[in-house]
Amino acid sequence: MKPVLEIANLRVGFSDGTAAVRGISLNVLPGETHCLVGESGCGKSVTALSVMSLLGRGAKRSAEVMRFHDRDLTRMSDREMARLRGDKMAMIFQEPMTSLNPAYTVGSQMAEVLERHRHVSRAQGLDRAAALLGHVGITAPGMRLSQYPHQLSGGLRQRVMIAMALMCEPELLIADEPTTALDVTVQAQILRLLQGLQRQLGLALLLITHDLGIVARMAQRVSVMYAGQIVESATAEALFAAPAHPYTQGLLNCVPIPGKTPRDQPLGSIPGVVPRIGAGFIGCAFRDRCTHATTACSGDIPRRSVAQHHETLCTMAPS
Amino acid sequence: MIEVREAVRHFAGRTGLFSADRVVRAVDGVSFNLESGGVLGIVGESGCGKSTLGRMILGLLPPSAGKILVDGQDLGVLDRRERARLIQPVFQDPFSSLNPRQRVREIVGLPLAAQGALPAAKQRELAMDMLARVGLPDAMADRFPAQLSGGQRQRVAIARALVLRPRIVVCDEPTSALDVSVQAQILNLLADLRKELGLTYIFISHNLAVVEHVATEVAVMYLGRFVEHATADALFADPRHPYTRALLASVLTAEPGIPIPDVGLGDTYPDPANIPSGCRFHPRCPMAIDRCRSETPIPRSRDGRVTECLLEA
Ligand SMILES: Nc1ncnc2c1ncn2[C@@H]1O[C@H](COP(=O)(O)OP(=O)(O)OP(=O)(O)O)[C@@H](O)[C@H]1O
Ligand SMILES: Nc1ncnc2c1ncn2[C@@H]1O[C@H](COP(=O)(O)OP(=O)(O)OP(=O)(O)O)[C@@H](O)[C@H]1O
Ligand SMILES: [Mg+2]
Ligand SMILES: [Mg+2]
């Protein structure tokens, strides 16, 4: 199957010298969920924003390949990108307030998306908006459409954003922590809705999440990021059954498990912080925090395959 | 430490330009006491009124009815500086609560500066110390919020809330943007401060595993009311309200290959401007009987826990 999104060797740097993304490659197939997980600040949102060409001015992006179906995203003009964004390629942002405009009602923002891309009337746009709000579990859509973002609860805002991203039936959806403000029953409904769209329309989903429960239930494939690189990539089964990279292993140990993790006792965590990664950084970025680190970890680390479709960036891995 | 009696908060919501106003009953009669040093976890459906309750406890939103006392006093009578030393918020949406034009160092130092008593060098030291404790390296201190990741911004908000060492902290989804290892670090920090300084927390979160870990007692909120309130141990071991059971059954454990659960609550969600008759949960309750449609349950205490369900009698 041909991927909907194909990325090879994506790099993003900021003007202050931060190397936020350092050569990542990944594909998302039609109907597939590819989860991106990793430590806060490792470059997940920057990766998502680069695909959408929404990085701010101080950022520099380069990639060997960045394709949406057959279209080369690296060569697209701002206007062409604007036409694609919110239409066939949509994004749900990590913080709803960054993408909702406080000065417009929910209804006018949602309807505007359809008017712009599909040239329908305002009334048709509002109809579709109301229907989608219903799908994401919002009652009294009429009232919600006439409200401003600040009048909504955190979870309502997040659901408005999800509905807005679905206005034009995208083929690729990049969802950055889409359910953090939702209670678990609503979360389950939204995830089932997305799975339904994947089955019916072949929606390809690049899902960024910290919630390993969501990863386990949604992902076909998982990429684990650390300090701007993908340090492990595997199917969901393989990742949970046999995590190869010490960072992934540490991550799986930090989750409190109800009934098992003793209360009154500190949770498992990974001591230390991510080092500052400048442009010339060499070696494994996790080595200072890794209990297995050797001198080899300061040199170039080859990407190795530990099993079929299971790769890791670690000197420990069998070659 | 915190005493809440029949607190109510209504909002006027409009359906359209020419239609009648609708009243959203965001918080609809909540009562509880929280002892000093306790951690009250509040969980519940999105839009059920958790943040509104939190804002009332912080004194940022006056109740439409009822009474809220913090440390024996009405927060309305305290001046801002006194209030800031007593109680601090960590808001749900870190992006909108941080001033985009201030550097991280200034944001975290501001509560100290507002107190006016400390020399600038000491302020700076305390701010930097708190940034380190939430796991932000020195290099981040000179950045603006837009130059940080979501989780880094959330940690700035936490550092700002803790820098004055207040006695109460109202945390609204404090770790929702954090990966599990940084989350563990923050939860451990909150627990340490509680031991060191005897802090009291209100801890609003959708993450039930986290709530179970940090809370001493848990309230489950549905459409503006506490439908169940018990110690954390009792609530997680023996959930009694059907909504609490549905919540616990919807938690996604990290086990691949298992489908996403459907706990049978249906897809019709409650409308806070049009609260159902009888038990407000009855239209979605898998166990509802005829009585639940007409009779309004009152909170019942049994074995030191409170449940608001007719089937619990
Ligand atoms: N405009 C910017 N200027 C400088 N550095 C930036 C800018 N935007 C992001 N960064 C840095 O790039 C790194 C990656 O950020 P990104 O937002 O992708 O993290 P993330 O993986 O999404 O983290 P989180 O899980 O906390 O959301 C971070 O260290 C962040 O501080
Ligand atoms: N300023 C406001 N004007 C009108 N309605 C409001 C306002 N603030 C909150 N509401 C309404 O009050 C209800 C409760 O909102 P609240 O933010 O307390 O929910 P919440 O429990 O925190 O939800 P979430 O988990 O989604 O954050 C919602 O229906 C919301 O739309
Ligand atoms: Mg992010
Ligand atoms: Mg809220």
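Just above, that's the structure.
This is a predicted model, so every value here is computed, not measured.

### A few points about the coordination of the magnesium ion (ligand 3)
All names here are of chain A. Around the magnesium ion (ligand 3), the protein contributes the donor atoms Ser-45 (OG) and Gln-94 (OE1), at 2.0 to 2.2 Å from the metal centre. Taken together, the residues span a long stretch of sequence, with Ser-45 in helix α1 (residues 44-51) and Gln-94 in the loop between β7 (89-92) and α3 (96-99) at a distance of 49 residues. With relative accessibility at 16%, the residue Gln-94 sits in the buried group.

### Looking at the nonpolar core
Nonpolar side chains in soluble globular proteins tend to end up buried together. Counting 103 residues, the largest nonpolar core has A:Leu73, A:Met89, A:Met110, A:Leu173 and A:Val222 as its most contacted members. Counting the residues that make up this core, at least three belong to each of domain 1 (5-88 + 171-313) and domain 2 (96-169) of chain A. Contacts of A:Leu73, omitting those with residues within four sequence positions, involve A:Leu5, A:Val51, A:Arg61, A:Met66, A:Arg67, A:Phe68, A:Met81, A:Leu84 and A:Met89. Within the second largest apolar cluster, 65 residues are counted, among which are B:Leu98, B:Leu148, B:Cys171 and B:Leu199.

### Re the side chain of B:Thr175
All names here are of chain B. Turning to its location among the elements, Thr-175 is positioned in the loop between β6 (168-172) and α7 (180-197). Since its relative accessible area comes to 5%, Thr-175 is described here as buried. Residue contacts for Thr-175: discarding those within four places in its chain leaves Gln-154, Gln-183, Ile-186 and Leu-187.

### As for the site of ligand 1
Surrounding ligand 1, one finds 20 residues, the nearest of these being A:Ser40, A:Gly41, A:Ser45, B:Ser149 and B:Gly151. In this structure ligand 1 sits where residues from chains A and B come together. With respect to ligand 1, the side chain of A:Ser40 contributes an N or O atom lying 2.7 Å from an oxygen atom. A:Val46 has a polar backbone atom sitting 2.8 Å from an oxygen atom of ligand 1. Computed on the free molecule, ligand 1 has an accessible area of 640 Å², of which 90% lies beneath the protein chains in the complex. Of all the secondary structure elements, the ones that give two or more residues to the shell around ligand 1 are α1 of chain A together with α6 (150-162) of chain B. For the shell around ligand 1, the class distribution of residues is 6 nonpolar, 11 polar and 3 charged.

### Some details on the interface of chain A and chain B
Taken together, the contact between chain A and chain B spans 66 residues of the former and 67 residues of the latter. Close ionic contact of B:Arg153 with A:Glu95 constitutes a salt bridge, the shortest N to O distance being 3.1 Å. Listed by contribution, the elements that provide at least two residues to the side of chain A that touches chain B are α3, α6 (141-145), α7 (154-165), α8 (184-201), α9 (212-218), α10 (236-241) and α11 (246-253) of chain A. Here the side of chain A that touches chain B takes 9 residues from α8(A), the largest share from any one element. Tallied by class, the residues present in the side of chain A that touches chain B amount to 27 nonpolar, 26 polar and 13 charged.

### Here's the deal with the packing of aromatic side chains
Residue and element names in this part refer to chain A. The tally for this structure, following the rule as stated, stands at 7 aromatic pairs over all chains. Ring centres 5.1 Å apart and planes at 80° place the aromatic pair Tyr-226 and Phe-286 in the edge-to-face group. With Tyr-226 in strand β10 (residues 221-226) and Phe-286 in the loop between α11 and β12 (303-307), this residue pair connects regions lying 60 residues apart in the sequence. By way of ring pairs, the aromatic residues Tyr-226, Tyr-247 and Phe-286 are connected into one cluster.

### What about empty space enclosed by the protein?
Within the structure shown, the criterion is met by 7 cavities of 30 Å³ or more. Around the largest cavity, the lining comprises 15 residues; the ones closest to its centre are A:Gln94, A:Pro96, A:Thr180, B:Gln92 and B:Ser176. Here the element with the most residues in the lining of the largest cavity is α7(A); it accounts for 3 residues. Residue composition of the lining of the largest cavity, by class: 4 nonpolar, 7 polar and 4 charged. For the second largest cavity, the lining is made up of 18 residues, of which A:Thr139, B:Ser46, B:Gly47, B:Pro270 and B:Pro272 are closest to its centre. Residue composition of the lining of the second largest cavity, by class: 10 nonpolar, 4 polar and 4 charged.

Each value, and the rule that gives it
Residues numbered from 1 in each chain as written. Chains lettered and ligands numbered in written order. Predicted model: local features only at pLDDT ≥ 70, side-chain atom pairs only at ≥ 80, totals over all residues. Heavy atoms only, no water. Donors = N, O, S within 2.8 Å, 3.2 Å for Na, K, Ca; no water. Helix = DSSP H or I, 4+ residues; strand = E, 2+ residues; numbered from the N terminus. Buried < 20%, exposed > 50% of the residue type's maximum accessible area, 1.4 Å probe, protein only. Core = buried A, V, L, I, M, F, W, Y, C linked by side-chain atoms within 4.5 Å. Domains from an automatic or database assignment. Contact = heavy atoms within 4.5 Å. Near = heavy atom within 4 Å. Polar contact = N/O pair within 3.5 Å; in protein donor to acceptor, adjacent residues only side chain to side chain. Areas by Shrake-Rupley, 256 points an atom, 1.4 Å probe, with all protein chains shown as cover. Nonpolar A, V, L, I, M, F, W, Y, C, P; charged D, E, K, R; others polar. Salt bridge = Lys/Arg side-chain N within 4 Å of Asp/Glu carboxyl O. Phe/Tyr/Trp six-rings, centres within 6.5 Å; stacked < 30°, edge-to-face > 60°. 1 Å grid on protein atoms, 1.4 Å probe; cavity = no way out; pocket = protein on both sides within 12 Å on 5 of 7 lines; lining within 4 Å. Points joined across faces, edges and corners; volume = space filled by probe spheres on them.

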